[in-house]
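A look at the structure
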Amino acid sequence: MTNSPMMTGAWFPGPEKSGFDALASRYQAAFGSPPPRNASLAYDGTILAAGLVRSAGPQRFATQTLTNRDGFLGIDGVFRFLQNGQNERGLAVYEITGSGVKPVSPPRAISAAPAEKAHHDRRETGSFDHRRWYCCLQVAGSDPPPARARCEG
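Let us look at the structure shown here. Think of each chain on its own: its residues are numbered from 1, step by step along the sequence as written. It should be noted that, the model being predicted, local features are given only for residues of pLDDT at least 70 and side-chain atom pairs only at 80 or more, the latter also being counted only at that level, while totals for whole chains, interfaces and linings use all residues. Values reported for side chains reflect all heavy atoms of the structure, with hydrogen atoms and water molecules removed beforehand.

1. As for the pattern of salt bridges
Whenever Lys or Arg places a side-chain nitrogen within 4 Å of a carboxyl oxygen from Asp or Glu, that contact is recorded as a salt bridge. Overall, the coordinates contain 4 salt bridges when judged by the stated rule. Between K17 and D21 there is a salt bridge, and its shortest N-O distance comes to 3.9 Å. Of the two residues, K17 and D21 both sit in helix 1 (residues 17-31), 4 residues apart, roughly one turn of that helix. One salt bridge connects R80 with E88, and the closest N-O pair in it is separated by 2.5 Å. For each residue, the accessible area found with a 1.4 Å probe, counting protein chains only, is set against the maximum for its type, and the residue is called buried under 20%, exposed over 50%, and partly exposed in between. Residue classification places E88 among the buried positions, given a relative accessible area of 11%. Numbering goes from the N terminus for both helices and strands, where a helix is a DSSP run of H or I of at least four residues and a strand is a run of E of at least two.

2. A closer look at the packing of aromatic side chains
Only centres within 6.5 Å qualify two rings of Phe, Tyr or Trp (six-membered ring in Trp) as a pair; their planes then separate them into stacked at under 30 degrees, edge-to-face at over 60, and tilted for everything else. What the rule picks out here adds up to 5 aromatic pairs. For the ring pair F72 and F79, a centre distance of 5.8 Å and an interplane angle of 40 degrees mean the geometry is tilted. You can call F72 buried: its relative accessible area is 3%. By relative accessible area, F79 is classed as buried at 4%. Grouped by ring-pair contacts, the aromatic residues F72, F79 and F81 constitute a single cluster. A positively charged side chain is recorded as over a ring if its NZ (Lys) or CZ (Arg) lies within 6 Å of the ring centre. The angle to the ring normal must also be within 35 degrees. Taking NZ or CZ as reference, R37 lies 4.1 Å from the ring centre of F20, over its face.

Structure, rendered in structure tokens:
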């Protein structure tokens, strides 16, 4: 699809390649074949669960823990689970060039409050601070197990 002349100029959202490329390299070395593209989702889910078991105590899988507004850092970037069952991800924007893709915009940071709440906060307070610090579960590093990290949004 990315080599199709009909698609040249089209934009699409997607995760940055660097995180998946690092995972794919480790996977290839361990198993002798490349992983499917959605392997990063399985990896993030597994590492998130293991990290919460290790660090979040008896409330590790409680709704309040899983819907932490600060989100989690995974292979494909920051993600957050919302109260309504949906999720948010900070994605890059790419353009199809006819011979591949090129980045148009880097991944956006997800705001400190979910989109559904951010609108409400702006209406009530007149401002919204998008530069809050996020406490993320660091899973993008090359050495499991995960460790707590601070990352700026």
